[in-house]
Amino acid sequence: MTPSTDLNIPLFERAKALIPGGVNSPVRAFKAVGGTPRFVKRAQGAYFWDANDQRFIDYIGSWGPMILGHGHPAVLEAVQSAALEGFSFGAPTEREVELAEEILSLVPSMEMIRLVSSGTEAGMSAIRLARGATGRSKFIKFEGCYHGHADSLLVKAGSGLATFGNATSAGVPPEVVQHTLVLEYNNIPQLEEAFALHGKELACVMIEPIAGNMNLVRASVPFMRRCRELCTQYGALLVLDEVMTGFRVALGSAQSVYAQSIPGFKPDLTVLGKVIGGGMPLAAFGGPRAIMEHLAPLGGVYQAGTLSGNPVATACGLATLREIKKPGFFDALSARTRSLVDGLAAAAQAEGVPFSTDCEGGMFGFFLLPELPQNYAQVLQTDNARFNTLFHGLLDRGIYIAPALYEAGFVSAAHTADDIAATVAAAREVFKTL
Ligand SMILES: Cc1ncc(COP(=O)(O)O)c(C=O)c1O
């Protein structure tokens, strides 16, 4: 494809004239890796086709939601019949109750749930609820974790534990982030010190249990255990942001993975998104009845939404959850994802490229580093230029991974063994050039 025949280029020019950066969410602009974003025309199964009708094997899956692949027949059927009944009512529907029942039956830490439209909204509302329920203002988040773009969450660490965060976005006043304490992921001594200093003032600790916004970095079991213990000891809420990991790493979400190593492990609040909407705008937060009853209209914590619990989105989410609940679904998905990362690791080793990788369920990550990083500072040691060469080499060969090295990848149930083999073969060719 020469630039003069690439139909993505004029589309991007048109988009840039009208939409800041030509995109409606920054990472889509390919700013980190350079080049022209692919404009998607349509998608089916594990593939999408761009403006040139070139096919790509899709390892983003809309950044996580498309766990069944694109256009799954049962989901399509559910969405079509829901759309025929009406797009939005602004009044309760039975399907919202069904979706709540389905989610709560699979994630027992939640007794009640509130449906919203985006992960940002869910995360922001969970923080408000934690503050309302505890009567405290401060909270902890971790460097490298992303919880959506609410003002108080766009923060990086201050200069020490006594100073709270600095805003990472223009337009966020310092006063808005003055209650957000940003700590290093997986650093137990620092967490203990922060609790010793501020524990009685903390409303919550918010954490991505398996962080997918610094590629893929797991909270270690001792770290997660300590988060749980300290929250309990000081009366702060532990909020797991499972927008990405929820129903993606296991049917019981990441909390069920940690419960295998930490008996009785449960968060106080869970934030969900992505898979529960199956590709439609739907997210949620939930927890024990005693906490959730602080929400309006029962309690004093206000939260609302015109499109919350949208009937087409709930139909899409329900149909998706009913598919992934089928026996053997996660075993097959995990095995497929494992075969991808093992294949990539073997190809990198054969070509002498430093490589480390990890996966859980249908989520994977890799680094051009010999050892898996444990925190954001270590992730930053990755060589950007090499990653970009890998990204473009794969893109040229019809393989679409995230256009930034800080993002996890996703395998769907529609990816076949042949797709994985083709991906590994393409990666091996590119590894030779690194
Ligand atoms: C862990 C996590 N939390 C929250 C969000 C925000 O979700 P949304 O983009 O739906 O607002 C994301 C988005 O990628 C996420 O990965």
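The structure displayed is predicted, hence computed values, not measured ones.

Novice: Teacher, can you tell me more about helix H5 (residues 188-198) here?
Specialist: Each α-helix turn comprises 3.6 residues. Residues three or four places apart therefore point the same way. Of all the positions in H5, only Leu191, Ala194, Phe195 and His198 are classed as buried. Projected down its long axis, H5 carries its buried residues within an arc of 95 degrees, all on one side. In this structure, H5 carries Pro189 and Ala196 as exposed residues pointing more than 90 degrees from its buried face. Residues of H5 that are buried in the fold lie against strand E5 (138-142), strand E8 (180-183), strand E9 (202-207) and helix H6 (221-234).

Novice: What is the right way to read the site of the ligand from this model?
Specialist: In the region of the ligand, the neighbouring residues are Ser118, Gly119, Thr120, Tyr146, His147, Gly148, Glu208, Asn213, Asp241, Val243, Met244 and Lys274. Residue Asp241 places a side-chain N or O atom 2.7 Å away from a nitrogen atom belonging to the ligand. With respect to the ligand, the side chain of Lys274 contributes an N or O atom lying 2.9 Å from an oxygen atom. Starting from 390 Å² of accessible surface for the ligand in isolation, the protein chains cover 80%. Looking at the shell around the ligand, its residues break down into three nonpolar, six polar and three charged.

Novice: Any chance you could explain the domain arrangement of the chain here in plain terms?
Specialist: Interface size is often expressed as the accessible area that is lost when the parts come together. Domain boundaries assigned for the chain yield domain 1 (3-71 + 327-431) and domain 2 (73-324). Relative placement of domain 1 and domain 2: their C-alpha centres are 25 Å apart. Taken together, the contacts link 31 residues of domain 1 with 32 residues of domain 2. Buried area between domain 1 and domain 2, both sides added, is near 2,600 Å², and the carbon and sulfur share of it is 61%. Together, Phe330, Glu360 and Met363 form the three largest contributors to the area buried by domain 1 at its contact with domain 2, with a combined 23%. For the interface between domain 1 and domain 2, the tally reads two salt bridges. A salt bridge links Arg218 to Glu360; the nearest nitrogen and oxygen atoms lie 2.8 Å apart. The interface formed by domain 1 and domain 2 holds 14 residue pairs in polar contact (both at pLDDT 80 or more) in total. Here the element with the most residues in the side of domain 1 that touches domain 2 is strand E16 (residues 363-367); it accounts for five residues. Classifying every residue of the side of domain 1 that touches domain 2 by side-chain character gives 21 nonpolar, seven polar and three charged.

Novice: It is not clear to me how the layout of surface pockets should be interpreted in this structure. Could you clarify?
Specialist: Empty space among the atoms becomes visible once a probe the size of a water molecule is rolled across them. Taken as a whole, the second largest pocket holds about 640 Å³ of empty space. Residue lining of the second largest pocket: 29 residues in total, with Glu96, Ile113, Arg114, Leu115 and Ser308 positioned closest to the centre. Elements with a minimum of two residues in the lining of the second largest pocket: helix H3 (94-106) and strand E4 (112-116). When grouped by side-chain class, the residues that make up the lining of the second largest pocket number 17 nonpolar, nine polar and three charged.

Criteria and thresholds
Residues numbered from 1 in each chain as written. Predicted model: local features only at pLDDT ≥ 70, side-chain atom pairs only at ≥ 80, totals over all residues. Heavy atoms only, no water. Buried < 20%, exposed > 50% of the residue type's maximum accessible area, 1.4 Å probe, protein only. Helix = DSSP H or I, 4+ residues; strand = E, 2+ residues; numbered from the N terminus. Arc of directions from axis to C-beta. Contact = heavy atoms within 4.5 Å. Near = heavy atom within 4 Å. Polar contact = N/O pair within 3.5 Å; in protein donor to acceptor, adjacent residues only side chain to side chain. Areas by Shrake-Rupley, 256 points an atom, 1.4 Å probe, with all protein chains shown as cover. Nonpolar A, V, L, I, M, F, W, Y, C, P; charged D, E, K, R; others polar. Domains from an automatic or database assignment. Buried area = accessible area lost by both parts, 1.4 Å probe. Salt bridge = Lys/Arg side-chain N within 4 Å of Asp/Glu carboxyl O. 1 Å grid on protein atoms, 1.4 Å probe; cavity = no way out; pocket = protein on both sides within 12 Å on 5 of 7 lines; lining within 4 Å. Points joined across faces, edges and corners; volume = space filled by probe spheres on them.

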